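Below are the chains, spelled out letter by letter.
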Amino acid sequence: MMSDPKPTFYTSWFCPFAQRVWIALLEKGIDFEYIDVDPFKKTPEWLSVSPRGLVPVLVHQGKSVYESSICIEYIDEEWPENPILPKAPYQRAYERIWADHIAKKIVPPFYAMLLKKETELQENAKKEMLEQLLVLTKAMDPTGPYFAGSQVGLVDIMLAPFAIRFFILKHYRGFQVPSGDESPFSRFNKWYIAIKERDSTVKTSASDEEYIGIYKRYTDDTGQSLVATAIRQGTALP
Amino acid sequence: MASDKPSLYTAWHSPFGWRAWISLLEKGVEFDYHETDPYEKSPEWFKISPRGLAPCIRHKGKSVYESTICMEYIDEAWPCTPRLLPEDPYDRAYVRMWTDHVNKKIIPHIFGMIVHQTATEQEKSKQDALDGIAAYIEAMRDGGPYFLGQNFSMADIALGTFGSIFFCMEHYRGFKVPNEAKFVKFHDWIQTIVARKSWQTVLPPREQVLEDWRPYAEGVAQTELAKAAKQGKTP
């Protein structure tokens, strides 16, 4: 059998969207080439690899796949061992529904909390974040520790990079998910402990100091990313 | 006992709803149609669709919502032809990427050109929509008439539902996909798409579509859709 060439993973070390794909590659045990890029430098070479100029991009057999959830589903289908998505259609739809919830309801308040200058708007973002995290928590398998049960899946991978950055929200905005066994977030906290110590999370995360440093530009309003621009304008994230 | 026959909860006028409706029709699945007003927000509605979104499919006691997720669910629950996504993993990713493109780079501007009330904003939305459509056409594979070439897919449904009511955007905002070379493929494609039996089944009469969009065009619609569309976000 002819062996397929290694995929190339284009990423930026600080990017939580790209970290999702990195985690998926590690969970699958896939051999890949890692290339760190500066997505703010929209060179013609980069745009030919990544039409939207964004990370993450996975290039395999000469073809580009982009959008973190699409990359993860591609990885899952191209390399079927150690499945990330379950087999049954409804279980697959359920994972996609909650991945979509993360994209639309959890990621925006994460950035709004950092980017908005008015305290009232920051407080609104905190409230929204907690509300939406609670909705997600109630959708989790009761035992876990992962979202769907004992195996890591799509929703875990989509949420992990943002959850491990929550300490940044605490540092700059005093945001915290309530702790304690009696807290309605106790199931979320159980999930968080499990995902945080997972090998794929540890290997793909930078140091606390590095994250604190890189996110400063969001809080002092110098962030130039498409995400930052979208939040400032109040439009949908790219 | 939870039924094997699916129920589709949708609004007659919603192109997002048509995506799920067309998918079921294309598959030849027997289903119950429930006319729904997702803005009613009754407790009964939230029991059916936990986030209150339409379209929503109820099947075997479970709810599936989000039009794109509905399309993939329908393809996987009823894997008969026509397949809405192809077999090959890269081709599947291709269909997903370009469906995502339709959702992020075309649809918001279709809504935008209607809900924005100033000429400047409307013109910008029209141009952005055309740019998004041009990219979609560029990504179409040779061999036609569908997005993937010979094979019909979710990417056709994603744009083809909104594309079939572009007459409405022309009526209110003078929006037209030009006939020049770059866009010729669009016209061939949409003609083929709307001729499909499923499109003919779901498309309401022209006058009803125009009436439905009037409050949005005149700036008096108070729905969440209108508010979201003004911000460049669509559900």
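Residues numbered from 1 in each chain as written. Chains lettered and ligands numbered in written order. Predicted model: local features only at pLDDT ≥ 70, side-chain atom pairs only at ≥ 80, totals over all residues. Heavy atoms only, no water.

## Observations concerning the overall build of chain B
How we decide: For the purposes of this entry, the term helix denotes a DSSP run of H or I that reaches at least four residues, the term strand denotes a run of E that reaches at least two, and both are numbered from the N terminus. For the radius of gyration, the atoms used are the C-alpha atoms, and the globule rule reads 2.2 Å times the number of residues raised to 0.38. A simple rule labels every residue: compare its accessible area, found with a 1.4 Å probe on the protein chains alone, to the largest value its type can have, and call it buried under 20%, exposed over 50%, or partly exposed in between. Contact definition: two residues touch when any of their heavy atoms are within 4.5 Å. Computed with the Shrake-Rupley method and a 1.4 Å probe, the accessible areas treat only the protein chains shown as cover for residues.
Looking only at helices and strands, chain B has eleven helices and four strands in total. Expected size for 235 residues packed as a compact globule is a radius of gyration near 18 Å; at 17 Å, chain B falls within 12% of this value. Counting only C-alpha atoms, chain B reaches 55 × 45 × 30 Å along its principal axes. Across the 235 residues in chain B, those meeting the buried criterion constitute 58%. Of the contacts made within chain B by residues no fewer than 6 positions apart, 70% connect residues no fewer than 24 positions apart. Summing over all exposed atoms, chain B offers an accessible surface of approximately 10,200 Å²; the carbon and sulfur share of this is 51%.

## Here's the deal with the packing of aromatic side chains
As a reminder, the rule being used: We call Phe, Tyr and Trp rings a pair once their centres come within 6.5 Å, taking the six-membered ring for Trp, and we label the pair stacked below 30 degrees between planes, edge-to-face above 60, and tilted otherwise. Geometrically, a charge over a ring is one whose NZ (Lys) or CZ (Arg) sits within 6 Å of the ring centre while staying within 35 degrees of the ring normal.
Under the counting rule described, the total for this entry stands at 41 aromatic pairs over all chains. Measuring from centroid to centroid gives 5.7 Å for tyrosine 111 of chain A and tyrosine 218 of chain A, while their planes differ by 45°, and the two rings are tilted. Residue tyrosine 111 of chain A is found in helix α4 (residues 89-115), and its partner tyrosine 218 of chain A is found in helix α10 (residues 208-219); the two are separated by 107 residues along the sequence. The same class applies to tyrosine 111 of chain A and to tyrosine 218 of chain A, which are both buried. Aromatic side chains tryptophan 213 of chain B and tyrosine 216 of chain B sit 6.1 Å apart centroid to centroid with 55° between the ring planes, which places their arrangement in the tilted category. Here tryptophan 213 of chain B and its partner tyrosine 216 of chain B are both found in helix α10 (residues 206-217), three residues apart, which amounts to about one turn of the helix. Each member of the aromatic cluster is reached from another via a ring pair, and the members are Tyr90, Tyr94, Trp98, Tyr136, Phe147, Phe166, Phe175, Phe186 and Trp189 of chain B. Stacked on the ring of phenylalanine 14 of chain A, the Lys or Arg arginine 217 of chain A has its end atom at 5.3 Å from the ring centre.

## Re the interface of chain B and chain A
Many descriptions give the size of an interface as the accessible area lost when the pieces come together. Condition: Buried area is calculated as the accessible area (1.4 Å probe) missing from two parts once they are joined, with the contributions of both summed. Salt bridges are defined by distance alone: a side-chain nitrogen of Lys or Arg within 4 Å of a carboxyl oxygen of Asp or Glu. Nitrogen and oxygen atoms within 3.5 Å of one another constitute a polar contact, given that in protein one can donate a hydrogen and the other can accept it, and given that sequence-neighbouring residues count only through two side-chain atoms.
The interface is formed by 26 residues belonging to chain B together with 27 residues belonging to chain A. Between chain B and chain A, the buried area comes to about 2,400 Å², and carbon and sulfur atoms account for 61% of it. Together, Arg51, Tyr90 and Met97 of chain B form the three largest contributors to the area buried by chain B at its contact with chain A, with a combined 24%. One can count ten salt bridges joining chain B with chain A. Measuring nitrogen to oxygen at the nearest pair gives 2.9 Å for the salt bridge that ties glutamate 77 of chain A to arginine 92 of chain B. Applying the counting rule to chain B against chain A returns ten residue pairs in polar contact (both at pLDDT 80 or more).

## Quick look at the sheet that holds strand β3 (residues 57-60) of chain A
All names here are of chain A. We apply this condition: In short, DSSP must find at least two bridges between two strands for them to pair. Note on geometry: axes are lines fitted to C-alpha atoms, helical ones only across the stretch in contact, with angles between N-to-C directions running from 0 to 180 degrees.
Taken together, four strands build an open sheet; the order of strands is β2-β1-β3-β4 and the sheet is mixed. The open sheet has two free edges, formed respectively by β2 (33-36) and β4 (63-66), since each of these has just one partner strand. Looking at each pair of strands side by side, their axes are set apart by 20° on average, direction ignored. The pairing of β3 with β4 spans four bridges and is antiparallel. The residue of β4 that forms the bridge with valine 59 is serine 64. Set on the sheet, helix α1 (residues 16-28) makes contact with β1 (8-11), β2 and β3; between it and β1 the angle comes to about 150°.

## Observations concerning the packing of helix α7 (residues 166-173) of chain A against α10 of chain A
Residues and elements named next belong to chain A. Our working rule: Throughout this description, any angle smaller than 35 degrees is read as roughly parallel, any larger than 145 degrees as roughly antiparallel, any in the 65 to 115 degree range as roughly perpendicular, and the remainder as oblique. Note on convention: the crossing is left-handed when the near helix lies turned anticlockwise from the far helix by less than a right angle, right-handed when the turn is clockwise. Side-chain classes follow a simple rule in which Ala, Val, Leu, Ile, Met, Phe, Trp, Tyr, Cys and Pro form the nonpolar group, Asp, Glu, Lys and Arg form the charged group, and the remainder, Gly included, forms the polar group.
With their axes 10 Å apart at the nearest point, α7 and α10 run at an angle of 55° to one another. If you check the angle between α7 and α10, you find them oblique. Remark: the crossing between α7 and α10 carries right-handed chirality. Here Phe167, Ile168, His171, Tyr172 and Arg173 of α7 lie close against α10, whose contacting residues are Asp208, Tyr211, Ile212, Tyr215, Lys216 and Thr219. When grouped by side-chain class, the residues that make up the contact of α7 with α10 number six nonpolar, two polar and three charged.

## Here we look at the nonpolar core
Threshold: We define the nonpolar core as a collection of buried residues of types Ala, Val, Leu, Ile, Met, Phe, Trp, Tyr and Cys that are connected through side-chain atoms lying within 4.5 Å of one another.
Counting 164 residues, the largest nonpolar core has Tyr111 of chain A together with Met169 and Phe175 of chain B as its most contacted members. Ignoring sequence-local partners within four residues, the contact set of tyrosine 111 of chain A consists of Pro16, Phe17, Phe162, Tyr218, Val227, Ile231 and Leu237 of chain A.

## Some remarks on α10 of chain A
All names here are of chain A. The criterion, for reference: In a helix, the anticipated span is given by 1.5 Å times the number of residues less one.
Taking 1.5 Å as the rise per residue, α10 with twelve residues should run 16 Å; its terminal C-alpha atoms sit 16 Å apart, in good agreement. All of the buried residues in α10 are Tyr211, Ile212, Ile214, Tyr215, Tyr218 and Thr219. Contact partners of the buried residues in α10: α1, α4, α7, α9 (199-204) and α11 (226-233). A positive phi of about 70° marks aspartate 221, the residue just after α10.

## Examining the sheet that holds strand β3 (residues 56-59) of chain B
Residue and element names in this part refer to chain B. If you walk across this open sheet you meet the four strands as β2-β1-β3-β4, and the pairing is mixed. Sheet topology places β2 (32-35) and β4 (62-65) at the edges, where each strand pairs with a single neighbour. Direction aside, neighbouring strands of the sheet carry axes that sit 20° apart on average. The pairing of strand β1 (residues 7-10) with β2 spans four bridges and is parallel. Looking at β2, one finds that serine 7 is bridged to aspartate 32. Of the strands in this sheet, β3 and β4 are in contact with helix α3 (residues 67-77), which crosses β4 at around 120°.

## Observations concerning the side chain of lysine 27 of chain B
Residue and element names in this part refer to chain B. Looking at where lysine 27 falls in the secondary structure, it is placed in helix α1 (residues 15-27). With a relative accessible area of 7%, lysine 27 lands in the buried category. A polar atom in the side chain of lysine 27 sits 2.8 Å from the backbone oxygen of tryptophan 78. Excluding its chain neighbours within four sequence positions, the residues that come into contact with lysine 27 are Ile74, Asp75, Trp78, Pro79, Cys80, Pro82, Arg83 and Leu84.

## Considering the side chain of arginine 19 of chain B
Residue and element names in this part refer to chain B. Condition: As used throughout, the charge tally considers Lys and Arg to be positive and Asp and Glu to be negative, leaving His and the chain termini uncounted.
Residue position: arginine 19 is located in helix α1. For the buried arginine 19, no salt bridge exists, and the shortest N-O distance to an oppositely charged side chain is 6.9 Å, to glutamate 66. Not counting residues up to four positions away in its chain, the partners in contact with arginine 19 are Ser67, Thr68, Met71, Val102, Asn103, Ile107, Ile157, Ala158, Thr161 and Phe162.

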